[in-house]
Amino acid sequence: MGVEFERKASKLINSEGWVAILANLLLFFLKYWAGIVSGSLALIADAWHTLSDSISSVILLIGNRYTRKPADKGHPFGHGRSELITSILIGSILGFVAFFFALEGYDKLHSHEGSNYGTIALAVTIISILTKEALAQYAFFVGRKTKSNSVIADGWHHRSDALSSVIVLVGIFVGKYFWWIDGALSIAVALLILYSGFKIIADSASVILGERPDPATIESVKKIVNRLGIDGMAPHHFHIHNYVMHHELTFHVRLPNEMSIEQAHRIVSNIESAILNELGIDATIHIEPFITDKNCKHID
């Protein structure tokens, strides 16, 4: 990724973070006020979920600043994986919020406590749904443009808040018929939040633990290698290392046993350059010999 791309990506991520923080703070106060007025625990739970979005956006801004730091002596592969840590922190916040509101919902069911929704709760909930979905779409757009997992995670946080508000909206319409609907919806919202947090953590942890190379990437590398037309070269034993801001690829190739070191070095250097230019991946190639009685002049 070039310097210009990094600069634009950082600017986009910062704008998404600040827009989300301001919108979520406004929604938090609106939802919390409406929840107090209506006596709805589900709406108050939804308000705190919205506030947690602001916290996750703050973490996103901090993580973005650190992620974009260049490589140094202590971190020769850069600081890109701090974005994955940021995503895990966002997912952990979601898990904490989910536990808190599941517990509150259970207590409300246990005490047979209902709620009286009103016009205020209805209006605030509709505003929340529209605003949060708009924030989610913006975050997904920025995430795709910048290739940022943490921004996409923040988008799912917004989406989960929009969906939880939809659940609250259902409760507003049927709450007068069932006393237990508010407590049950609080638990439903909590489960939805918990799933979102688990998905974010699992996706980020998978990258940190290490993943197998994408089949399309392997196929592209094979095509680059096969252009040389050297019989038996057959690239294999692929490993990909995702550092978020860039990727490192290692694999093996076979070259004729009688080939000189200089010839072999020239060939793998050309392959590494082609992979970097065409795929944007830094490659390191391990050479294995294979015995052939063919003349090596065609390799010069």
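What comes next concerns the included structure.

1. Thoughts on the overall build of the protein chain
When you go through the protein chain residue by residue, the secondary structure sums to eight helices and three strands. Ordered by position in the sequence, the α and β elements of the protein chain form the string α-α-α-α-α-α-α-β-β-α-β. Taken along the three principal axes of its C-alpha coordinates, the protein chain extends 90 × 35 × 30 Å. Within the protein chain, contacts between residues at least 6 apart in sequence are counted, and of these 75% link residues at least 24 apart. For the protein chain, the computed accessible surface area is about 15600 Å², with 66% contributed by carbon and sulfur atoms. Charge-centre separation for the protein chain: the mean point of 25 positive side chains lies 5 Å from the mean point of 28 negative side chains.

2. Looking at the pattern of salt bridges
Tallying each qualifying case throughout the model produces five salt bridges. Between Asp203 and Lys199 there is a salt bridge whose closest N-O contact spans 3.0 Å. Placement of the pair is Asp203 and Lys199 together in helix 6 (residues 181-209), with a separation of four residues, close to one helical turn. By relative accessible area, which is 39% here, Lys199 ends up partly exposed. Between Glu288 and Arg254 there is a salt bridge, with the nearest N and O atoms lying 3.9 Å from each other. Of this pair, Glu288 sits in strand 3 (residues 281-290) while Arg254 sits in strand 2 (residues 247-256), and the two are 34 residues apart along the sequence. By relative accessible area, Arg254 is classed as partly exposed at 31%.

Conventions and cut-offs
- Residues numbered from 1 in each chain as written.
- Predicted model: local features only at pLDDT ≥ 70, side-chain atom pairs only at ≥ 80, totals over all residues.
- Heavy atoms only, no water.
- Helix = DSSP H or I, 4+ residues; strand = E, 2+ residues; numbered from the N terminus.
- Contact = heavy atoms within 4.5 Å.
- Areas by Shrake-Rupley, 256 points an atom, 1.4 Å probe, with all protein chains shown as cover.
- Lys, Arg positive; Asp, Glu negative; His and termini not counted.
- Charge placed at Lys NZ, Arg CZ, Asp CG, Glu CD.
- Salt bridge = Lys/Arg side-chain N within 4 Å of Asp/Glu carboxyl O.
- Buried < 20%, exposed > 50% of the residue type's maximum accessible area, 1.4 Å probe, protein only.

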